[in-house]
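Structural features, examined
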Amino acid sequence: MKSKKLKKPLTIEQKINRRTFISFGTFTVLSGAAYAGWSWLKNSPKETPTVTAGAKAPLRRALNKTELAFRRVFNNNNLVKTYPKERAAKVVRYNSRIGLHDKPDVPNWRLQVNKPSGEVMSITLDEIRSLPKTELVFDFKCVEGWDQISYWGGVKFSDFISHFKLDDQAKLDYVGMATPDKKYYVGIDMPSAMHPQTLLAYEMNGKPLIPKHGQPLRLIIPVKYGIKNLKCIGSMVFSNRRPPDYWAEQGYDYYSGL
Ligand SMILES: Nc1nc2c(c(=O)[nH]1)N[C@H]1C(S)=C(S)[C@@H](COP(=O)(O)O)O[C@H]1N2
Ligand SMILES: [Mo]
């Protein structure tokens, strides 16, 4: 009979060495994986810089997929729910006033429309007020969690486009709008801008807008969250590239659809 070869028990010192070896090995492998993951992210392409201040594309993939899904089901004939005027708030909430001034220079205010050709149109408030007026009472929703039924009056964006013969511009993918001082700005996909309930509003509760609600002219776009409803429009651009957007640059969803 062969004698069994006995395994010599490990000394304490050998045991410690072995454990050290295993944990060091594990650490090396894990940190290698972490480094590989990090450098993959670091070397992955950035999104369009103006969209998210250069966030890495993979980090935004899920959000952008959601946007594409939303855009596919978007239909200009789907109207946002409206309410009778009596339901509208008398004391209207206001939220955040980036780019607003206590006393906007209304007499000298002009809407500057920048055409891709380089031509700049300068439109007065009277010209805008002379177009057919559309009124809208809807539930205004802010991403911060509040909503309120409010009552607005102004010109439909699509009426504005056809009156000022901007139809070719409206064939582009986006319209961008900014306050006169350019401190707050939004980018809107054209189908949402051309939605029949999107207004360039100059009235709230039947009276001219007051400064904190965007005097003299603001965007009311019920298919989007409040963040896109720019108060006090100073200028407008048309483009196939996403115009800069204040909150998208802070990481919010560029589309911000409802
Ligand atoms: N110029 C400008 N427009 C703006 C904002 C702003 O800070 N500055 N805030 C937006 C946000 S977050 C919301 S919810 C609505 C609020 O509109 P209201 O103050 O008329 O209720 O305006 C939007 N438009
Ligand atoms: Mo908001």
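Rules used in this analysis
Residues numbered from 1 in each chain as written. Chains lettered and ligands numbered in written order. Predicted model: local features only at pLDDT ≥ 70, side-chain atom pairs only at ≥ 80, totals over all residues. Heavy atoms only, no water. Salt bridge = Lys/Arg side-chain N within 4 Å of Asp/Glu carboxyl O. Buried < 20%, exposed > 50% of the residue type's maximum accessible area, 1.4 Å probe, protein only. Near = heavy atom within 4 Å. Polar contact = N/O pair within 3.5 Å; in protein donor to acceptor, adjacent residues only side chain to side chain. Areas by Shrake-Rupley, 256 points an atom, 1.4 Å probe, with all protein chains shown as cover. 1 Å grid on protein atoms, 1.4 Å probe; cavity = no way out; pocket = protein on both sides within 12 Å on 5 of 7 lines; lining within 4 Å. Sits in = over half its atoms within 2 Å of the grid points. UniProt positions renumbered as here; feature names shortened; annotations may be inferred. Helix = DSSP H or I, 4+ residues; strand = E, 2+ residues; numbered from the N terminus.

Details of the pattern of salt bridges
Two side chains carrying opposite charge are able to pair once their charged atoms lie near each other. Inspection of the entire model under this criterion finds nine salt bridges. The partner of Glu119 in a salt bridge is Lys115, with the nearest N and O atoms 3.5 Å apart. According to the relative accessible area criterion, Glu119 is partly exposed, its value standing at 43%. Among the salt bridges present, the one from Lys133 reaches Glu135, with a minimum N-O distance of 4.0 Å. Residue Lys133 is classed as partly exposed on the basis of its relative accessible area of 42%. What you see here is one network of salt bridges that share partners, running through Lys85, Arg129, Lys133, Glu135 and Glu203.

Considering the site of ligand 1
Near ligand 1, the surroundings consist of 19 residues, among which Ser96, Ile98, His213, Arg218 and Lys231 are the closest. At 2.7 Å from an oxygen atom of ligand 1 is found a side-chain nitrogen or oxygen belonging to Arg218. For ligand 1, the protein covers 99% of the area, taking 530 Å² as the surface of the free molecule. With respect to the pocket detection grid, ligand 1 is positioned in the largest pocket.

Examining the UniProt feature "transmembrane region" (unreviewed entry) in the protein chain
In the numbering used here, UniProt assigns the "transmembrane region" (unreviewed entry) feature to residues 21–41. Split by type, residues 21–41 is 100% helix and 0% strand. Its first and last C-alpha atoms lie 30 Å apart.

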